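# Working through the structure, step by step
If you want the building blocks of each chain, they are given just below.
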Amino acid sequence: MEHIGKSMSVEDVLKTVLRDKLFYANGGGVTLTGGEPMAQFPFALALAKAAKEAGISVVLETSGYAQTECF
């Protein structure tokens, strides 16, 4: 088995997202998806809040498989 990927902080991800901020000017933004973002609810929430504070719209694509209090 081989580990692929890397751990990133909210700040790391936001820094990557902000590189493309020019493309979000006409209502674009980021979508939290892939696997199940609610499986990492605290991270997804912190990233969504940071993106909104930076003026970037956020969409969450989820199957809904999470604790009720997360919603």
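Note: the structure precedes this text.
All values derive from a computational prediction rather than experimental measurement.

Below, the discussion takes up the overall build of the protein chain. Check the secondary structure of the protein chain and you find 2 helices and 2 strands. Listing the helices and strands of the protein chain from first to last along the sequence gives α-β-α-β. For the protein chain, the C-alpha atoms occupy an extent of roughly 35 × 35 × 15 Å along the three principal directions. A total of 71 residues make up the protein chain; the buried ones form 24% of that total. In the protein chain, the share of contacts with a sequence separation of at least 24, taken over all contacts with a separation of at least 6, comes to 74%. By element, 56% of the accessible surface of the protein chain is carried by carbon and sulfur atoms, the whole surface being about 5600 Å². Seen as two clouds, the 6 positive and the 8 negative side-chain charges of the protein chain have centres 9 Å apart.

Our next topic: the layout of surface pockets. There is about 260 Å³ of room inside the largest pocket. Taken together, Met-8, Val-13, Leu-32, Thr-33, Gly-34, Gly-35, Glu-36, Pro-37, Gln-40, Phe-43, Ala-44 and Leu-47 make up the full set of residues lining the largest pocket. Top element by residues in the lining of the largest pocket is helix α2 (residues 41-53). It accounts for 3 residues. Considering only residue class, the lining of the largest pocket consists of 7 nonpolar, 4 polar and 1 charged. Computed from the structure, the second largest pocket encloses a volume of approximately 160 Å³. Taken together, Leu-32, Met-38, Phe-41, Ala-44, Leu-45, Ala-48, Val-58, Val-59, Leu-60, Cys-70 and Phe-71 make up the lining of the second largest pocket. For the lining of the second largest pocket, the secondary structure elements donating two or more residues are α2 and β2 (57-60). The element contributing the most residues to the lining of the second largest pocket is α2, with 4 residues.

On to the side chain of Glu-36, then. Within the secondary structure, Glu-36 sits in the loop between β1 (29-32) and α2. Comment: no salt bridge for buried Glu-36; closest opposite-charge side chain is Lys-49, at 17 Å.

Turning our attention to the nonpolar core. Of all hydrophobic cores here, the largest spans 14 residues; its most connected members are Val-17, Tyr-24, Val-30, Leu-32, Leu-47 and Ile-56. Taken together, the elements giving at least two residues each to this core come down to α1 (10-18), β1 and α2. By residue number, the principal contributor to this core is α2, which donates 5 residues. If we ignore the near neighbours within four places in the chain, the residues touching Tyr-24 are Val-17, Gly-29, Val-30 and Ile-56.

The rules behind these values
- Residues numbered from 1 in each chain as written.
- Predicted model: local features only at pLDDT ≥ 70, side-chain atom pairs only at ≥ 80, totals over all residues.
- Heavy atoms only, no water.
- Helix = DSSP H or I, 4+ residues; strand = E, 2+ residues; numbered from the N terminus.
- Buried < 20%, exposed > 50% of the residue type's maximum accessible area, 1.4 Å probe, protein only.
- Contact = heavy atoms within 4.5 Å.
- Areas by Shrake-Rupley, 256 points an atom, 1.4 Å probe, with all protein chains shown as cover.
- Lys, Arg positive; Asp, Glu negative; His and termini not counted.
- Charge placed at Lys NZ, Arg CZ, Asp CG, Glu CD.
- 1 Å grid on protein atoms, 1.4 Å probe; cavity = no way out; pocket = protein on both sides within 12 Å on 5 of 7 lines; lining within 4 Å.
- Points joined across faces, edges and corners; volume = space filled by probe spheres on them.
- Nonpolar A, V, L, I, M, F, W, Y, C, P; charged D, E, K, R; others polar.
- Salt bridge = Lys/Arg side-chain N within 4 Å of Asp/Glu carboxyl O.
- Core = buried A, V, L, I, M, F, W, Y, C linked by side-chain atoms within 4.5 Å.

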